[in-house]
Amino acid sequence: MKKASKISLSTRDSWTGLFFVMPFIIGFLIFFFRPMLQSLKFVFSDVTVELSGYHTKFAGLKNLNYIFKENVDYTTDLISGVTELFWKVPIIVISALFFAIILNQKFRGRIVVRAIFFLPVIISSGIILTLIQGDAAAGSVMSGNVAAGGQTIQSDTLKQVLINSGLSSDTISGIMIVVNNLFNLMWKTGIQMTIFLAGIQGIPVSLYEASSIEGATAWESFWKITIPMLSPMILLNIIYTIIDNFTDSQNAVMLQVINNSQAVKYGWASAMSWVYSLVIGATILIVLLIFRKMNALASDQY
Amino acid sequence: MLNTTRSLRIKNFCDPQVLRNKTVSMVVWILQWLFIIGLSYLFLFPIIFLITTSLQDPASVNDPSIIWIPKKLSLVSLKETIIILDYWRSAGLTIFVSVISTLCTLLSCSLVGYGFARFKFPGKNLLFMLVVLTIILPPQTILPSMTLNFNYFDFGGILSLIPGKPTINLLDTPFTFVLPSLFASGLRGGLFIFIFRQFFWGIPKALEEAARIDGCSAFNTFIRIIVPIAVPVFITVTLFSFVWHWNDLYSATMYFTDVRLLTPNLNNLDRLLATSTVDVKGYAARTYMAAAPLLVILPPLILYIFTQRYFTESIERTGIVG
């Protein structure tokens, strides 16, 4: 009797689950499935476009062969795209968390500051920044020089200081890459900051009250309450940052994909972007596995 | 009695521990504000640049003595850019498409996200892999096929069952954005499913279990218990979805050819300036190049400034509920 009711409960549960995800199943089948299969077919075909439409002829691994062996830039661009993530993702996610914590505090003028910090979310379009940077006067401030602390520092001066302080040239060039990208990096934190802010607002205040009664300092409650409670958001933001970097139209691989589709080289373009997607997929899978492992370790402690 | 309090206070004031705490909090306060001001400059710079440049008199735009404040204010560039961009028609269509698609996205993606966060069903992992696939596959890859799909739209083969194989052309209609949004497959739909799933995941299960035991159906539990707790997420997703629809370039360029949406127009600015009936003098192009982006970001900016208060307040209110 007891067993029977348990089974019916779990089947009912699975039907409810299917009901909730049904929109996605329908949407995927109607809007996504065929275009996806078609572009996958392009990877292994010669695509010729004529007035009557396009024709595909099976060509085996010819396109893949081209992008890896004949195209000089593709492999290099792909590798540099992945290695960039190692410094970009931590910088963006940690800054976003930091901004979110600052904005969450109660201080005078908070509403104005919040409105300003949301600007990158509202102007998240790449074209607007490209147009502004295209202007000579504005472009020099945003690329060559660093805008920090309300004044611009000539990046050459900074480089000189670093050389004088006796750092190795590798370290200096690493720092210079980060510094020269500071403007773009900070502008890319908007979405992540908003996600963190919503996450922080969702943490029950009672947890902090209880811990401060028990004598925890703000520092301790940050590490023991805020960070664990935010861990789903941290995962979400890491994955979002990876995807945002990969699908950015200024990205070297993405530029090749766009140029090839505009030149009606659909075979090459599809091959490039599918290989690219597989690489992103693998990167995300690794991140997910690391997080699962860390979560398992964390729950072992208690 | 009074004496002891006073001596205590004096003792407190001289206590090195208290003094140190005061200095530390002072230093933290200064650092925090330095940081806020620096970053505000970083974020405000492009906006200020756009405003001052677009308000300048086109004739004096390359005057090197003008750095920030225009000597002569002029609305010429803004007025002419409104004509060049076909601004009112274009903005109206963009607002319509963005608002309706955002509402549909909210409805469908929150349901799907809840389904993935809370229920066990066969094929769940496979389905979620498909969601991730829709996120990571660059939209540029499948856009040509998507456009063909909308040009001869048959609801995924359902219409082809009817003899005569009728198809509908959805291009140049808002349906190209609205229909996929209704089925959680709109612009960045996969990402919104993922965002909702992560948030619902973090909500303690106890509340829902109590409601379910009391005989509340799963759908009712979602509407009555989960949605009120998750208001910050809904607001966040609304903002993202609206802004991303607003700024979308690739699909908007492919789907709309007659009346253009705003962002594709911005991308074509060079061509529009060259072919426009308005007489644009070469030296003045800079003011137009600044006026156009300003006009494009203005509606979301105004919307945000007016809803900002509600936005922050509602976040705080739900913080207490949680």
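Small disclaimer: the values here were computed from a predicted structure and weren't measured.

Concerning the overall build of chain A
- A count of helical and extended segments in chain A gives 15 helices and four strands.
- Intrachain contacts of chain A at a sequence separation of at least 6 include 64% that bridge at least 24 residues.

Details of the overall build of chain B
- Across its full length, chain B carries 15 helices and zero strands.
- Across the 322 residues that make up chain B, the buried fraction comes to 39%.

Quick word on the nonpolar core
- By size, the foremost hydrophobic cluster in this structure holds 129 residues, and its most contacted members are Phe196 of chain A together with Ile193 of chain B.
- Those residues within four positions of phenylalanine 196 of chain A in sequence are excluded, and the remaining contacts are Ala96, Leu97, Ala100, Leu230, Met233 and Asn237 of chain A.

Focus on the packing of helix 4 (residues 87-118) of chain B against helix 8 (residues 189-202) of chain B
All names here are of chain B.
- Two elements in contact, helix 4 and helix 8, have axes separated by 7 Å at closest approach and are oriented at 50°. Relative to helix 8, the element helix 4 is oriented oblique. Handedness of the helix 4/helix 8 crossing: right-handed. Note on element contacts: helix 8 touches helix 4 through Gly189, Phe192, Ile193, Phe196, Arg197, Phe200 and Trp201, opposite Thr105, Cys109, Ser110, Val112, Gly113, Tyr114, Phe116, Ala117 and Arg118.
- Among the residues forming the contact of helix 4 with helix 8, the class breakdown is ten nonpolar, four polar and two charged.

Overview of the confidence of the model for chain A
Residue and element names in this part refer to chain A.
- Scored by pLDDT, chain A has a mean of 79; 84% of the residues are at 70 or more.
- The weakest mean pLDDT in chain A belongs to strand 3 (residues 145-148) at 41; the strongest belongs to helix 3 (residues 72-104) at 89.
- Confidence drops under pLDDT 50 across residues 144-153; counting only partners more than four residues distant or on other chains, this segment forms 27 contacts.

Focus: the interface of chain B and chain A
- Between chain B and chain A, the residue contacts involve 84 residues of the former and 77 residues of the latter.
- By residue class, the composition of the side of chain B that touches chain A is 58 nonpolar, 23 polar and three charged.

Structural notes on the environment of serine 45 of chain A
Residues and elements named next belong to chain A.
- Relative to the elements of secondary structure, serine 45 occurs in strand 1 (residues 45-50).
- For serine 45, a count of 21 C-beta atoms within 10 Å corresponds to the buried category.
- Separated by 221 residues in the primary sequence, serine 45 and tyrosine 266 have C-alpha atoms spaced 9.2 Å apart.
- Look past the residues within four positions of serine 45 in its chain and what remains in contact with it is Thr56, Lys57, Phe58, Ala59 and Gly267.

Digging into the confidence of the model for chain B
Residue and element names in this part refer to chain B.
- Here chain B averages 80 in pLDDT, while 81% of its residues score no lower than 70.
- The weakest mean pLDDT in chain B belongs to helix 1 (residues 2-14) at 50; the strongest belongs to helix 4 at 94.
- In the predicted structure, residues 4-8 sits below a pLDDT of 50 and forms zero contacts with residues beyond four places in sequence or in another chain.
- Residue range residues 314-322 is modelled with pLDDT below 50. Its contacts to residues more than four positions away, or to other chains, number 20 contacts.
- Scored as a complex, the prediction yields pTM 0.82 and ipTM 0.81.

Looking at helix 3 of chain A
- Between its terminal C-alpha atoms helix 3 of chain A stretches 48 Å, which fits the 48 Å expected from 33 residues at 1.5 Å a residue.
- Within helix 3 of chain A the residues assigned to the buried category are Tyr74, Gly81, Lys88, Val89, Ile92, Val93, Ala96, Leu97, Phe99, Ala100 and Leu103 of chain A.

Here's the deal with the environment of asparagine 149 of chain B
- Checked against the element boundaries, asparagine 149 of chain B lands in helix 6 (residues 139-151).
- Between the alpha carbons of asparagine 149 of chain B and leucine 55 of chain B there is a distance of 44 Å; along the sequence they are 94 residues apart.
- In this view, asparagine 149 of chain B contacts Arg34 and Pro35 of chain A; residues no more than four positions away in its chain are not counted.

Structural notes on unusual backbone geometry
Residue and element names in this part refer to chain B.
- Unlike most non-glycine residues, aspartate 172 shows phi in positive territory, near 70°.
- Among the structural elements, aspartate 172 can be located in the loop between helix 6 and helix 7 (175-182).
- For arginine 188, which is not glycine, the phi dihedral falls at a positive 55°.
- For arginine 188, the location among the structural elements is in the loop between helix 7 and helix 8.

Brief notes about the environment of tyrosine 66 of chain A
Residue and element names in this part refer to chain A.
- The topology assignment puts tyrosine 66 in helix 2 (residues 62-70).
- Taking the C-alpha atoms as reference points, tyrosine 66 and methionine 272, separated by 206 residues in sequence, lie 9.8 Å from one another.
- Filtering out sequence-adjacent residues up to four positions away, tyrosine 66 remains in contact with Asn71 and Trp268.

The rules behind each value
- Residues numbered from 1 in each chain as written.
- Chains lettered and ligands numbered in written order.
- Predicted model: local features only at pLDDT ≥ 70, side-chain atom pairs only at ≥ 80, totals over all residues.
- Helix = DSSP H or I, 4+ residues; strand = E, 2+ residues; numbered from the N terminus.
- Contact = placed C-beta atoms within 7 Å.
- Buried ≥ 20, exposed ≤ 12 C-beta atoms within 10 Å, placed from the backbone.
- Core = buried A, V, L, I, M, F, W, Y, C linked by C-beta atoms within 7 Å.
- Axes fitted to C-alpha atoms, helices over the stretch in contact; angles between N-to-C directions.
- Parallel < 35°, antiparallel > 145°, perpendicular 65-115°, else oblique.
- Left-handed = near helix turned anticlockwise from the far one by under 90°.
- Nonpolar A, V, L, I, M, F, W, Y, C, P; charged D, E, K, R; others polar.
- pLDDT = per-residue confidence, 0-100.
- Expected span 1.5 Å × (residues − 1).

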